[in-house]
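Remarks on the overall topology
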Amino acid sequence: MAGLKIVELQLPATTEQLRALELGTVVYLTGRVFTGREGVYKRAVEEGHGMPAAPEALGRVNFHCSPAATIEADGSFTMGAVSATASFRFAKWLDGWFKLSGCNIIIGKGGMTSADYRKLFVPHDAIYLTTVGYGTGALLGRGITKVVDVLWKEELGLAQAVWVLDVVRFGPFLVESDMAGNSLFERENAKIAGNIAALYEGTRPATLRRYGETDDKTDEVI
Amino acid sequence: MISIDILQRTAETLMAKAAIEIPDDYLAGLRRCVDTETGDLSSFVIQAMLENYEAAKEDRRAMCGDTGVPRWYVKYGNEARVEGGPVAVEAALRRATAHATHSVPLRPNRVHPLWRTDHNNNCGIFAPEIDYAFDPEGDWVDLTTVHKGGLFGSDYRMLFPGDGIEGIRRFYLDTLIGFGKRGLACQPAIVGIGLGGSKDACMVLGKQASCLRVVGSRHPDPKIAALEEELKELGNKIGMGAMGFIGTSMVIDCHIEVGYCHTGGMPMSVHMFCLSSRRATARIYADGQVKFRTDPEWFSDYMRRTGVEWPGLQTQAAE
């Protein structure tokens, strides 16, 4: 693990700060982030409800997450662990989402394709940070200093609601996409690809095939 | 008679333990990965996870924010009787699930598949699942809770006898490579393989092999045990480590369970129990004693019995 670069960012991050981030850099965040996943995207982008609060109140970091948390009877919050959910499923809403939210950092699990980064992220000067593990839910939970608000909890339920969080040294995350739209995961996949043919030596495709199946093991399933 | 109050309290404690405490056998397996892992990113990930387990225990908070889908495995000793009977046991397990979701807290993951209704307590139609097994002896009940993540790392395929062991290797690699990229399976994982059975039993056996056997355990059939070792090694030779980064930490262990199947087929399922392998077990005795452990001791010679009769019962009858 020696050799990994570590960067601490104060939020909101500037375009210049994001431009300086290289793939595989370890990042910690301090400032405001908010959660949002399919329920939020569907409501905000597809159903046209817009954002649940003013951009200044939400910050510019969208975390693909729903926390293990409870709202107590007195309205206070018990925040347990927080981890990301897989992001590739949300690509279809992101263009509208970036326009609506003004976000420049998306945090999630597993990233998206470089084609999506170039099409959706680069035009909005945004990058993707991946959570580590997955997930370091307890470490991330420690980084949350305050639950500022929980929005759309009636409409979407606790797991899909928008949790607005103030965080200090929140992380670790890894830079998965840079400002040019390159993907760390795809870089790693390419390095692993060379080994795959040898693994399969002596095997042949299953007797009963499946529709729509690829037999190219360098492909991804996302 | 086993007290239903003690059973419910024990179930609530198990819910918290599963969510917060990484089982020792998984932890030991992961530490062995650290010693051999050479990929710098994969090493960093595992190191962060080790710190995360400590943070979870210190803070008594869940290891991972996705606290999986809680479910129960109940094993009755043949002489066990619980106050209120099996219906009271199911009620207690549902209450424990709902209470613990609030008190730990866990993420309320369970929703209606179509209407996405969320009761915010991890209970609903057929949720939590409760599976049963029996032991020929004993007046105790074993409760095991497993909170497995729900989205990636499992697959099923109908193979045929002609596909052979090579077909098994191939489908195993397909599943690990497909779900290992980008770390969708949250590896390194305990990989469970179900071979045979009817289609549904094939899925159940594979899932139980990954979630209910501890790292280092081996199938009693020596040839199947050897295949477990071989597939474990094969998985770690893919070149993929934690999060799909270059490395060797893919499989903490590989467990295979087999069941007799249709003469024409060889169905196979693959399941991956993740970096937060959440499981916890307790044995509750009639005298009120409760003993907690991390090994579910689910599979037994009795459960894997092959003949018509269970010899133990015949011996008892003869006496």
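Just so it is clear, the model here is predicted, and its values are computed rather than measured.

As a further point, take helix α3 (residues 40-59) of chain B. Because an α-helix completes one turn every 3.6 residues, residues spaced three or four positions apart along the sequence face the same direction. Between its first and last C-alpha atoms α3 of chain B spans 28 Å; for 20 residues at 1.5 Å apiece the expected length is 28 Å, and the two agree. Taken together, the buried positions of α3 of chain B are occupied by Leu 41, Ser 42, Ser 43, Phe 44, Val 45, Ile 46, Ala 48, Met 49, Asn 52, Tyr 53 and Ala 56 of chain B. Looking at the buried residues of α3 of chain B, the elements they touch are α6 (137-142) and β9 (162-177) of chain A together with α1 (4-20) and α2 (24-36) of chain B. Looking at the residues trailing α3 of chain B, positive phi occurs at Arg 60 of chain B, about 50 degrees.

Residue and element names in this part refer to chain B. The strand order across the open sheet formed by four strands is β4-β7-β5-β6, and the pairing between neighbours is mixed. Of all the strands in the sheet, just β4 (155-159) and β6 (251-259) have a single pairing partner and so form its edges. Here the average twist between neighbouring strands, direction ignored, is 15 degrees. When β4 meets strand β7 (residues 266-273), the two strands line up antiparallel, connected through five bridges. In the strand pairing of β7, Leu 159 is matched with Met 266. Sitting on the sheet, α2 touches β5 (189-196) and β6, and the angle it makes with β6 is about 130 degrees. Helix α6 (residues 199-211) contacts β4, β5, β6 and β7 of the sheet and is inclined by roughly 150 degrees relative to β5.

Let's shift gears to the pairing of strand β2 (residues 26-35) of chain A. Strand residues, when the strand is regular, have side chains that alternate between the two faces of the sheet. Residues and elements named next belong to chain A. The pairing of strand β1 (residues 6-10) with β2 spans five bridges and is parallel. Bridging from a neighbouring strand, Ile 6 pairs with Val 26 of β2. Sheet analysis places β2 next to β9, joined by seven bridges and oriented antiparallel. Bridging across to β9, Phe 34 finds its partner in Val 164. As paired elements, β2 and strand β3 (residues 61-63) share two bridges and run parallel to each other. What sits directly across from Thr 35, in β3, is Phe 63.

All names here are of chain B. With respect to the helices, strands and loops of the structure, Gly 197 is situated in the loop between β5 and α6. Gly 197 sits in the buried class, given 21 other C-beta atoms within 10 Å. Separated by 155 residues in sequence, Gly 197 and Ser 42 place their C-alpha atoms 36 Å apart.

What follows concerns the nonpolar core. With 149 residues, the main nonpolar core has Val 45, Ala 62, Met 63 and Ala 189 of chain B as its most contacted residues. Top element by residues in this core is β9 of chain A. It accounts for nine residues.

Chain A puts 51 residues into the contact, and the matching count from chain B is 58 residues. The greatest single-element share of the side of chain A that touches chain B, amounting to eight residues, is contributed by helix α8 (residues 184-199) of chain A. The residue inventory of the side of chain A that touches chain B, partitioned by class, reads 25 nonpolar, 21 polar and five charged.

Residues and elements named next belong to chain B. Packing of α1 against helix α4 (residues 85-103) brings their axes to within 9 Å, and their N-to-C directions diverge by 40 degrees. α4 is crossed by α1, and the crossing has right-handed handedness. Contacts from Ile 4, Leu 7, Gln 8, Ala 11, Glu 12, Met 15 and Ala 16 of α1 reach α4 at Ala 88, Val 89, Ala 92, Leu 93, Arg 95, Ala 96, Thr 97, His 99 and Ala 100. Residues that form the contact of α1 with α4 fall into these classes: eleven nonpolar, three polar and two charged.

Attention now goes to α8 of chain A. All names here are of chain A. Under the 1.5 Å per step criterion, the end-to-end length of α8 is 23 Å for 16 residues, consistent within 8% with the ideal 22 Å. Of all bends in α8, the biggest is about 40 degrees, found at Ala 193. Listed in full, the buried residues belonging to α8 are Leu 184, Phe 185, Glu 186, Glu 188, Asn 189 and Ile 192. Here the buried face of α8 lies against α5 (114-121) and β9.

This brings us to the environment of Arg 19 of chain A. You can see Arg 19 of chain A is positioned in helix α1 (residues 15-19). Along the sequence, Arg 19 of chain A and Pro 172 of chain A sit 153 residues apart, while their C-alpha atoms lie 19 Å from each other.

Our focus in this paragraph is the sheet that holds strand β2 (residues 130-135) of chain B. Residues and elements named next belong to chain B. With mixed pairing, the five strands of this open sheet are ordered in space as β2-β1-β3-β8-β9. Strands at the two margins of the open sheet, each flanked by one partner only, are β2 and β9 (290-293). Each strand axis lies, on average, 20 degrees off the axis of its neighbour in the sheet, ignoring direction. Pairing geometry for strand β1 (residues 69-77) and strand β3 (residues 141-148), over eight bridges, is antiparallel. Bridged to Arg 71 within β3 is Val 146.

By a frequent convention, interface size equals the accessible area lost on bringing the separate parts together. All names here are of chain B. Considered domain by domain, chain B is made up of domain 1 (4-17 + 63-148 + 280-293) and domain 2 (150-273). The centre of domain 1, based on its C-alpha atoms, is set 26 Å off from the matching centre of domain 2. Of all the elements in the fold, those that place two or more residues in the side of domain 1 that touches domain 2 are β1 and β3.

Rules of the game
- Residues numbered from 1 in each chain as written.
- Chains lettered and ligands numbered in written order.
- Predicted model: local features only at pLDDT ≥ 70, side-chain atom pairs only at ≥ 80, totals over all residues.
- Helix = DSSP H or I, 4+ residues; strand = E, 2+ residues; numbered from the N terminus.
- Expected span 1.5 Å × (residues − 1).
- Buried ≥ 20, exposed ≤ 12 C-beta atoms within 10 Å, placed from the backbone.
- Contact = placed C-beta atoms within 7 Å.
- Pairing = 2+ DSSP bridges.
- Axes fitted to C-alpha atoms, helices over the stretch in contact; angles between N-to-C directions.
- Core = buried A, V, L, I, M, F, W, Y, C linked by C-beta atoms within 7 Å.
- Nonpolar A, V, L, I, M, F, W, Y, C, P; charged D, E, K, R; others polar.
- Left-handed = near helix turned anticlockwise from the far one by under 90°.
- Bend = angle between axes of the 7 residues up to and from the residue.
- Domains from an automatic or database assignment.

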